[in-house]
Amino acid sequence: MEQKNRKYIAIISFLRKFIKVFFSLFFNIYILKIVNNDLSFIIKYSLFGVIANLIIGYIILKFINSKNASIIYKSSFPLLILTIALLLIFKEKIVKYIFIIKFIESIAEMCYSVPYELIIIGSNNNKTMSSFVANVNILSGIATILTPIFSGFIIQEFSYYMLFIILMIEALIIIAVSFKIKDCTVSDKKLEIKKFFNITKDKKHIQDIYKCMFYRRISSQGAMVELLPIVLFLRLGTEMDFGTYNSVFAIISILSLQVLKIINNKNIKKGFYPYLAILIFVSSLFVVYNASFLTLLIYYILMNSLGTIIESESCSIVYAAIKTDNLVDYKKEHILIYNIYMTIGQIISYSLVYVLYNYFYDVNILSISVSILMFFLIISTVYLKRTQTYLEKSEEAG
């Protein structure tokens, strides 16, 4: 990927993060208010979105090539505008059409993320992968600082509908920037899933990173994505307070990524992932034992510092893993397989929370759910460490 394309893709990632933060933080709260705090409803449509993402992702991977990659990538932005427009049109009646909205959002997400991942994998070597992902995450972190407090202010002083209009304007700006991207170079090779499976079944580092992504989606990137914001909002009570706290947490995330960049620049060996996950898990146990705002705050701080480092490294290592052992021609297969692992992990995560919420409900069930899911983060980081160790040895040998 040319330097200019990389710059524009990073800018789009930055701008798109504003919209993504709304959907990850405020959209579920908006729906939760309409359905009278029915968490089961949110779990159902979120699980539908997970399955839709996998199916749509497979279809895109099957047909994407250098001729249509740019079209697919850019088509995600009008679809994003359509999603927001439907929220404006239907307002509180949106719950009747929530699965349609989720389906359109899934198409927009996969049309964006599949070409993005193929381009990124094909444009960075192992040495720059972690730093590039960290840089993109820092830009995203800046958006994550500004968006929550701004969104909370707009919702409190005006309404959700005013925020929807602002997000539509931003999506139009993204479309304008996207015209600067001339080509998206991706592999034109057809999917060869069976062949890839046979080649990689004995590649331990590939199997390890898939297991890492599987357990990560059970834990920090599964139902937690919906659960944590809801737990915090129910404690705080207003969108403004909720947005302010999330902006503070975003600052912590950026500082953590800066620490990660220093670690990368100094070539420090990274065997610390499991220890970070253990600290997060222990803090979640304190939330169960004493579900005060202080214990919840400590847990949130650790998730947005130590958890951010784990998240960034997982993303960079899953990209780097395919660039070893002459596997780079199988980028599409790699993306599809690790997305299958992640989808299965997410299904388990949402199903677990659904069962706990509906059949074992008590006052602390949400906190208990968080703690159970966080145990799987420890397992995820063990596999992450194994893959990182293999990649370090490969670089030393090469």
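These numbers come from a predicted model, not from an experiment.

1. Some remarks on the pattern of salt bridges
The tally for this structure, following the rule as stated, stands at six salt bridges. A salt bridge links Lys102 to Glu105; its shortest N-O distance comes to 3.5 Å. Taken together, the residues Lys102 and Glu105, both in helix α4 (residues 98–121) and three residues apart, mark about one turn of the helix. Across the pair Arg386 and Asp208 runs a salt bridge whose closest N-O atoms are separated by 3.8 Å. Of this pair, Arg386 sits in helix α14 (residues 365–397) while Asp208 sits in helix α8 (residues 204–218), and the two are 178 residues apart along the sequence. Its relative accessible area of 40% is what places Arg386 among the partly exposed residues. Counted as one network, the salt bridges with shared partners bring together Arg16, Lys20 and Glu109.

2. Some remarks on the nonpolar core
With 125 residues, the main nonpolar core has Phe22, Ile31, Tyr299 and Met374 as its most contacted residues. No other element matches the 15 residues that helix α1 (residues 3–34) contributes to this core. Every residue in contact with Ile31, bar those within four places of it in the chain, is listed here: Phe41, Ile42, Tyr45, Ile94, Val95 and Ile98.

3. Structural notes on a nonpolar patch on the surface
Residues Ile51, Ile55, Tyr58, Ile59, Phe63, Ile193 and Ile347 make up a contiguous nonpolar surface patch of roughly 600 Å² in combined accessible area. Counting residues per element, the nonpolar patch draws most heavily on helix α2 (residues 39–63), at five residues. Relative to the helices and strands, Ile51 is located in helix α2.

Reading the values: the criteria
- Residues numbered from 1 in each chain as written.
- Predicted model: local features only at pLDDT ≥ 70, side-chain atom pairs only at ≥ 80, totals over all residues.
- Heavy atoms only, no water.
- Salt bridge = Lys/Arg side-chain N within 4 Å of Asp/Glu carboxyl O.
- Helix = DSSP H or I, 4+ residues; strand = E, 2+ residues; numbered from the N terminus.
- Buried < 20%, exposed > 50% of the residue type's maximum accessible area, 1.4 Å probe, protein only.
- Core = buried A, V, L, I, M, F, W, Y, C linked by side-chain atoms within 4.5 Å.
- Contact = heavy atoms within 4.5 Å.
- Patch = residues over 30% accessible without salt bridge, like charges linked within 9 Å, V, L, I, M, F, W, Y side chains within 5 Å.
- Areas by Shrake-Rupley, 256 points an atom, 1.4 Å probe, with all protein chains shown as cover.

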